[in-house]
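Structure assessment
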Amino acid sequence: MERYEIETFLALAEELHFARTAERLHVSPGRVSQTIKALERRIGGTLFERSSRRVDLTPVGRQLRDDLLPAYEQIQRAVADATAACTDIHGVLRVGFTAPWSGKLLAQAAEAFSTRHPRCSVELQGATYNLVITALRQKDVDLVIAEPPVEEPDVIVGPVLFSERRALVVPADHPLAARESVSLEDFAVLPLIAAVGVSRAWREAFFPRRTPRGARIEHGPTAFNWEGVLSLVGAGEGATVATVRAAQYHGRPDVAYVPFADAAPVEYALMWRNESRAAGPRAFIRTVLDLAP
């Protein structure tokens with residue numbers, strides 16, 4: 001198979017729309033159709049079911065996509081790595097993060113990156129979620145590791161690097177603090193305390209208004225930063241959401257981190273601006289992915 005055939009097939013397998021695929025590849029829809037027909041003749045079977053309403057993969061097409069995609073992505077990464085190795089990457093690369101455990105991974109990546117590209121230094125900047133996303137959008141940092149979701153049109157949410165078990169942070173003297181675990185229904189027991197300035201999507205994901213069974217969740221006061229949130233919790237003003245691992249870094253005698261038994265884990269993903277094409281950020285992303293658990 002030629003490279004353009006592979007790219008056309010994989011693009012159509014993702015878009016499932018000839019016009020969108022053509023626009024993505026900067027060719028005509030007729031060229032996409034001709035390429036797919038030629039590929040089907042070579043294979044000897046139909047790869048896509050076509051109708052006036054939709055395009056879908058056949059079982060053979062799904063199998064081909066699943067077999068081709070990992071190899072194609074590996075080739076793309078190899079080309080990107082070779083390009084980065086031949087590029088004189090220099091200057092300062094600024095990387096933001098929201099959690100100390102993300103900072104540890106980034107510090108390891110920065111050391112490996114500096115060995116490969118000694119003329120480029122890496123600056124790490126820890127900040128709260130709302131501040132680090134703002135810094136990314138305002139070009140004060142080049143990349144971040146933060147918790148999805150992000151719905152900003154100028155931010156690309158890349159691969160998830162790792163996840164952590166979710167916890168409810170409650171006052172140390174509250175009855176929930178003695179529990180081995182809590183459920184999402186326990187959101188209704190205490191008012192929720194959040195930091196100011198977080199996005200609507202992020203607030204809905206971590207600080208909902210209703211429990212899964214429909215019970216109303218009260219929202220309490222807000223704070224500017226994480227220490228302020230914990231101070232409000234410790235004072236008995238309510239509860240907040242964190243990870244179980246956060247207790248190792250933000251443990252206090254007046255709060256308790258209680259794991260959720262039924263909540264999805266908190267994910268941490270690489271993010272960058274959608275216009276970023278610089279070799280430095282691309283090479284650093286590759287380094288982080290190599291080191292991520």
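Since the structure is predicted, the reported quantities are computational estimates derived from the model, not experimental observations.

Further remarks concern the sheet that holds strand β7 (residues 166-171). Sheet architecture is open: 3 strands sit in the order β10-β7-β11, paired in antiparallel fashion. This sheet does not close on itself; its edge strands, each paired only once, are β10 (240-243) and β11 (255-259). For this sheet the average axis-to-axis angle between neighbouring strands, irrespective of direction, equals 40°. Taken together, the 4 bridges between β7 and β10 define a ladder with antiparallel strand orientation. Pairing of Ala167 across the sheet is with Ala242, part of β10.

This next bit is on the pattern of salt bridges. Using the criterion set out here, one finds 19 salt bridges in the structure. When the shortest N-O distance is used, the salt bridge between Glu5 and Arg42 registers 3.1 Å. Separated by 37 residues along the polypeptide, Glu5 in helix α1 (residues 3-15) and Arg42 in helix α3 (residues 29-43) bring together distant segments of the chain. Relative accessible area serves as the criterion here: at 2%, Glu5 is assigned to the buried category. Note that Glu164 and Arg245 form a salt bridge whose closest N and O atoms lie 2.9 Å from each other. Taken together, the positions of Glu164 in strand β6 (residues 155-164) and Arg245 in the loop between β10 and α9 (246-250) put the pair 81 residues apart, joining distant regions of the chain. Classification of Glu164 by relative accessible area gives buried; the value is 14%. The partly exposed category is assigned to Arg245, whose relative accessible area is 24%. Overlapping salt bridges bring together Glu14, Glu15, Arg20 and Arg24 as one network.

Quick look at the environment of Ile43 now. Mapped onto the elements of the fold, Ile43 is located in helix α3. For Ile43, a relative accessible area of 40% translates into the label partly exposed. Separated by 214 residues in the primary sequence, Ile43 and Tyr257 place their C-alpha atoms 57 Å from one another.

Next up on the list: the nonpolar core. Note on soluble globular proteins: their nonpolar side chains tend to be buried together. Residues Leu168 and Phe284 are the most contacted members of the largest nonpolar core, which totals 68 residues. Ranked by residues supplied to this core, first place goes to helix α5 (residues 100-116) with 6 residues. Not counting residues up to four positions away in its chain, the partners in contact with Leu168 are Leu176, Val182, Asp186, Phe187, Leu192, Ala239, Thr240, Ala256, Tyr257, Val258 and Phe260. In terms of nonpolar packing, the next biggest core, distinct from the first, is built from 17 residues, Phe18, Ala22, Leu68 and Tyr72 among them.

Turning our attention to the sheet that holds strand β4 (residues 120-126). Judged by pairing direction, the sheet is mixed, and its 5 strands sit side by side in the order β4-β3-β5-β12-β6 without closing on themselves. At either end of the open sheet lies a strand with only one pairing partner, and these are β4 and β6. Along the sheet, successive strands turn relative to each other by an average axial angle of 20°, direction set aside. Sheet topology note: the strand β5 (residues 143-146)/strand β12 (residues 266-273) ladder contains 4 bridges and is antiparallel. The residue of β12 that forms the bridge with Ile145 is Leu270.

Buried within helix α6 (residues 129-137) are the following residues: Tyr129, Asn130, Val132, Ile133, Ala135 and Leu136. Against β3 (91-97), β5, β6, α7 (200-206) and β12 lie the buried residues of α6. Positive phi appears at Lys139, one or two residues downstream of α6, with a value of about 65°.

This part covers the packing of α1 against helix α2 (residues 18-25). At a minimum axis distance of 9 Å, the contact between α1 and α2 shows a crossing angle of 130°. Put simply, α1 runs oblique to α2. Of the two elements, α1 crosses α2, and the hand of that crossing is right-handed. Contacts between α1 and α2 involve Glu7, Thr8, Ala11, Leu12, Glu14 and Glu15 on the former and, on the latter, Phe18, Arg20, Thr21, Arg24 and Leu25. For the contact of α1 with α2, a count of residues per class yields 4 nonpolar, 2 polar and 5 charged.

A separate point is unusual backbone geometry. What you tend to see is this: most non-glycine residues have negative phi, and most peptide bonds are trans. The step from Pro148 to Pro149 runs through a cis peptide bond, and the omega angle for that step is 10°. Following the sequence through the fold, Pro149 ends up in the loop between β5 and β6. Located in the positive-phi region is His26, a residue other than glycine, with phi close to 60°. Topologically, His26 is positioned in the loop between α2 and α3. The residue Lys139 is not glycine, and still its phi comes out positive at about 65°.

Calculation criteria
- Residues numbered from 1 in each chain as written.
- Predicted model: local features only at pLDDT ≥ 70, side-chain atom pairs only at ≥ 80, totals over all residues.
- Heavy atoms only, no water.
- Pairing = 2+ DSSP bridges.
- Helix = DSSP H or I, 4+ residues; strand = E, 2+ residues; numbered from the N terminus.
- Axes fitted to C-alpha atoms, helices over the stretch in contact; angles between N-to-C directions.
- Salt bridge = Lys/Arg side-chain N within 4 Å of Asp/Glu carboxyl O.
- Buried < 20%, exposed > 50% of the residue type's maximum accessible area, 1.4 Å probe, protein only.
- Core = buried A, V, L, I, M, F, W, Y, C linked by side-chain atoms within 4.5 Å.
- Contact = heavy atoms within 4.5 Å.
- Parallel < 35°, antiparallel > 145°, perpendicular 65-115°, else oblique.
- Left-handed = near helix turned anticlockwise from the far one by under 90°.
- Nonpolar A, V, L, I, M, F, W, Y, C, P; charged D, E, K, R; others polar.

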